[in-house]
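As a plain string of letters, each chain reads:
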Amino acid sequence: MTYAEWAMGNAMLRKYGTTMPMVDIGGLKDMHLSRYVPTAQVLHPVGGPRRPWAHVHPDYEIVNPGEGGKPGDPPVELLATTRPRSFRTVFCTSVLEHTLNPWAAMYALAEILFPGGLLYVSTPWYWMTHGEPSQDRWRFSPAGLTLLCHMVGLDFLEAGFAEQAPGRETAYLCASKGPLKDRDAATFTEPAFEVFA
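Because the structure is a prediction, the values reported are computed rather than measured.

Enquirer: Mind showing me how you'd approach the overall build of the chain here?
Expert: Across its full length, the chain holds four helices and eight strands. When the helices and strands of the chain are read in sequence order from the N terminus, they spell out α-β-β-β-α-β-α-β-α-β-β-β. Within the chain, residue pairs in contact and separated by at least 24 positions form 75% of the contacts whose partners lie at least 6 positions apart. Of the roughly 8,900 Å² of accessible surface on the chain, a fraction of 57% belongs to carbon and sulfur atoms.

Pasting the structure below:
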């Protein structure tokens, strides 16, 4: 997760509100990428609080999809069958570019939302290969994320670019499953964003 993704996620919660149950898809429990991919060269620091959304609600869930025989939760694409209608707020940051089938993954993200739920997706646009190169598969512009949103029947709220640093951009999308409802006003205070190198 980059600072830009984290800051934009906070901005979306302030704008659209928060509600539990909440999940972070791919939220690292240990913020150093090399601990997840031991053979990877860490090309950029992975940063943020160890539980990056704990300031919103301390009891949110983290789902870490396993890949390539590594232990973990089911792949994102399977969440539609394993966790349907389970969450009112879903974060998916820097995950979609690693999925085998981003169309199925976006469908699954839509399916795990309760009606009236909020989805925040961010993914690198102009960014170096990260993790194992064979697992950094896709890049999406805001228009591409918006198209995925419409293809799976979500309601588009907004999309754009968030610049992390000159020449490094992240695309983001905020969507809902039907009209937003039962959202609490955001009352959180962001902690300092740390970098674990």
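Continuing now.
Enquirer: Just to check I follow, could you spell out the environment of Tyr126 for this structure?
Expert: Here Tyr126 is to be found in strand S5 (residues 113–126). For the pair formed by Tyr126 and Arg139, sequence separation is 13 residues and the distance between their alpha carbons is 8.0 Å.

Enquirer: Before we go on, may I ask you to explain the pairing of strand S1 (residues 22–25) in this structure?
Expert: In summary, the side chains of a regular strand alternate between the two faces of the sheet. Residues Met22 and Asp24 line one face of S1 and the alternating positions Val23 and Ile25 line the opposite face, and both faces are buried. Looking at chain direction, S1 and strand S3 (residues 61–63) are connected through three bridges and run parallel. Looking at the pairing, Val23 lines up with Glu61 of S3.

Enquirer: When you look at a nonpolar patch on the surface in this model, what are you seeing that I'm missing?
Expert: A surface patch of nonpolar side chains, amounting to about 340 Å² of accessible area, comprises Trp103, Leu147 and Met151. By relative accessible area, Met151 is classed as exposed at 52%.

Enquirer: Sorry if this is basic, but what is going on with the nonpolar core here?
Expert: It is characteristic of soluble globular proteins that their nonpolar side chains tend to be buried jointly. Counting 29 residues, the largest nonpolar core has Ile25, Val90 and Leu109 as its most contacted members. For this core, the secondary structure elements donating two or more residues are S1, helix H2 (79–82), strand S4 (87–93), helix H3 (102–111), S5, helix H4 (142–151) and strand S7 (168–176). With five residues, the top contributor of residues to this core is H3. When residues no more than four places from it in sequence are discounted, the contact partners of Ile25 are Val63, Pro65, Val76, Leu79, Val90, Phe91, Cys92, Thr93, Val95, Leu109 and Ile112. Judged by nonpolar contacts, the second largest core, of 19 residues, contains Trp53, Ile62, Ala162 and Tyr172.

Enquirer: Teacher, can you tell me more about the pattern of salt bridges here?
Expert: When their charged atoms lie close together, side chains carrying opposite charge are able to pair. Per the stated rule, a full pass over the model turns up three salt bridges. Between Glu158 and Lys15 there is a salt bridge, and its shortest N-O distance comes to 2.8 Å. Of this pair, Glu158 sits in strand S6 (residues 155–165) while Lys15 sits in helix H1 (residues 3–16), and the two are 143 residues apart along the sequence. Looking at Lys15, the relative accessible area reads 54%, which means it is exposed. Residue Asp136 pairs with Arg139 through a salt bridge whose shortest N-O separation is 2.7 Å.

Enquirer: Can you help me understand the packing of aromatic side chains in this one?
Expert: Aromatic rings in a pair are described by how distant their centres are and how their planes are angled relative to each other. Using the criterion set out here, one finds four aromatic pairs in the structure. Look at Trp53 and Phe91: their rings are 4.0 Å apart centre to centre, the planes differ by 5°, and that puts the pair in the stacked class. With a gap of 38 residues between them, Trp53 in the loop between strand S2 (46–47) and S3 and Phe91 in strand S4 connect regions that are remote in the sequence. Accessibility classification places Trp53 together with Phe91 in one group, the buried group. Among the aromatic residues, those joined into a cluster by ring pairs are Trp53, Phe91 and Tyr120. The aromatic ring of Phe114 is capped on one face by Arg88, whose charged end is 4.2 Å from the ring centroid.

Enquirer: What is the right way to look at the environment of Pro75 in this model?
Expert: Summarising the element assignment, Pro75 is placed in the loop between S3 and H2. Pro75 sits 50 residues away from Ile25 along the chain, and the two C-alpha atoms are 9.9 Å apart.

Enquirer: Which parts of the structure should I look at to understand the side chain of Asp136?
Expert: Locating Asp136 in the fold gives a position in the loop between S5 and H4. Of the residues examined, Asp136 reaches a relative accessible area of 12% and is grouped as buried. A distance of 2.7 Å separates polar atoms of two side chains, one belonging to Asp136 and the other to Arg139.

The rules behind each value
Residues numbered from 1 in each chain as written. Predicted model: local features only at pLDDT ≥ 70, side-chain atom pairs only at ≥ 80, totals over all residues. Heavy atoms only, no water. Helix = DSSP H or I, 4+ residues; strand = E, 2+ residues; numbered from the N terminus. Contact = heavy atoms within 4.5 Å. Areas by Shrake-Rupley, 256 points an atom, 1.4 Å probe, with all protein chains shown as cover. Buried < 20%, exposed > 50% of the residue type's maximum accessible area, 1.4 Å probe, protein only. Pairing = 2+ DSSP bridges. Patch = residues over 30% accessible without salt bridge, like charges linked within 9 Å, V, L, I, M, F, W, Y side chains within 5 Å. Salt bridge = Lys/Arg side-chain N within 4 Å of Asp/Glu carboxyl O. Core = buried A, V, L, I, M, F, W, Y, C linked by side-chain atoms within 4.5 Å. Phe/Tyr/Trp six-rings, centres within 6.5 Å; stacked < 30°, edge-to-face > 60°. Lys NZ or Arg CZ within 6 Å of the ring centre and 35° of its normal. Polar contact = N/O pair within 3.5 Å; in protein donor to acceptor, adjacent residues only side chain to side chain.

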